[in-house]
Amino acid sequence: SDTAPISMEELSSDCKNTASHVSWWFKLQNVFFRNLTNHYLRNLTNLAARVTIYTATSLITGLIFWQTGTVLNEGGSVQDMSAQDLFSVMGAGVFLEQTAFLLPFAQVSTFFYDKKVFAAEKALGLYSSWMYAVSQFLLESWVLCITAPIQAAVVIPMISLWNPNLSKTESFFQLLSFFLSSGLAGNAIVLFFSMMTYSQDLALLLSASFAVTSFAASGAYVPFDNMEPWVSWLQWISPMKYSLQMYLMCIFNGTPDLETAIELLGFDVPGTISSNLAVLLAMYCILSALTILFLSFQKEAR
């Protein structure tokens, strides 16, 4: 006899019943390794392109700011350094911060592809939104663990960004934390807007708008004291402020005159590298939670 075709409602119900008997750990592993295979192992060209772009950008940056940090290792005080010297060292940090935040924006197409897959599987009751989000966070963190050390290994010796009061090993790893945390924050920003919006164009527009506003409020271009009080509060929600403060502290800590310069510019709250790192990680966690929230609202477009 002929068998009646199964409806989408019946299929969804069957899938939900089956999924309810599968552990969350198995589901998370399945989502993670599937995305790892599809986006990275089977698409080595994309991964190689990202590594190449990070490396090339670092090399170009190193050539533009070639040995500008040498002045820091020659001893002396701020009075012995020209304004141009200090501007070059700070300018290098601002540019490195921008590349660390903005290069992850190239992944917006990948995020939208995964969002469509999630919406289809959510309709069948297969996976929870947090599993997709956690999977993406882990995969991007893995990529950053490859690209950030490359950035640090290239630009630090080329620009000579060594803190003269620390060993080169300690100085290197402090700046590596700057690259890693900045890259994670940039990735969280674009992933959040990708999950919140309905199109890639809008996601890029909102991500770029947020980044531009955060850069403007970071104190890198206009000193905080020169900002109007009603707008200067934006600095406290600008991840770029804390990233730039990390960079300056990594370079200037231990040199009294330079530490005073940090305070005069308003880059001393919070006052340690670890506390700025903690703020960036807290922002990352908040954006991650909001990403999971918006992802849970996704529905399959028919």
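Refer to the structure presented above.
Just so it is clear, the model here is predicted, and its values are computed rather than measured.

Draft legend 1. Structural detail: the nonpolar core. With 68 residues, the main nonpolar core has Ile156, Leu161, Leu175, Tyr247, Leu248, Ile251 and Phe252 as its most contacted residues. Counting residues per element, this core draws most heavily on helix H7 (residues 168-196), which supplies 14 residues. Residues Tyr40, Leu47, Leu139 and Val143 belong to the second largest nonpolar core, which totals five residues.

Draft legend 2. Structural context of a nonpolar patch on the surface. Where nonpolar side chains cluster on the molecular surface, the patch consists of Trp233, Trp236, Ile237 and Val269 and spans about 420 Å² of accessible area. Considering the arrangement of structural elements, one finds valine 269 in the loop between helix H11 (256-265) and helix H12 (273-295).

Draft legend 3. The pattern of salt bridges, seen in detail. Taken as a whole and assessed by the stated rule, the structure comprises one salt bridge. Here arginine 50 ties to glutamate 140 by a salt bridge, and the two come within 3.0 Å at their closest N and O atoms. In this pair, arginine 50 sits in helix H3 (residues 44-64) while glutamate 140 sits in helix H6 (residues 129-159), placing the two residues 90 residues apart along the sequence. For arginine 50, a relative accessible area of 8% puts it in the buried group. For glutamate 140, a relative accessible area of 1% corresponds to the buried category.

Draft legend 4. Structural detail: unusual backbone geometry. The omega angle of the peptide bond from valine 269 to proline 270 is -5°, so this bond is cis rather than trans. Note that proline 270 resides in the loop between H11 and H12. Although it is not a glycine, glutamine 67 sits at a positive phi angle of roughly 55°. With phi around 65°, serine 160 is a residue other than glycine that occupies positive phi space. Here serine 160 lies in the loop between H6 and H7.

Basis of the calculations
- Residues numbered from 1 in each chain as written.
- Predicted model: local features only at pLDDT ≥ 70, side-chain atom pairs only at ≥ 80, totals over all residues.
- Heavy atoms only, no water.
- Core = buried A, V, L, I, M, F, W, Y, C linked by side-chain atoms within 4.5 Å.
- Buried < 20%, exposed > 50% of the residue type's maximum accessible area, 1.4 Å probe, protein only.
- Helix = DSSP H or I, 4+ residues; strand = E, 2+ residues; numbered from the N terminus.
- Patch = residues over 30% accessible without salt bridge, like charges linked within 9 Å, V, L, I, M, F, W, Y side chains within 5 Å.
- Areas by Shrake-Rupley, 256 points an atom, 1.4 Å probe, with all protein chains shown as cover.
- Salt bridge = Lys/Arg side-chain N within 4 Å of Asp/Glu carboxyl O.

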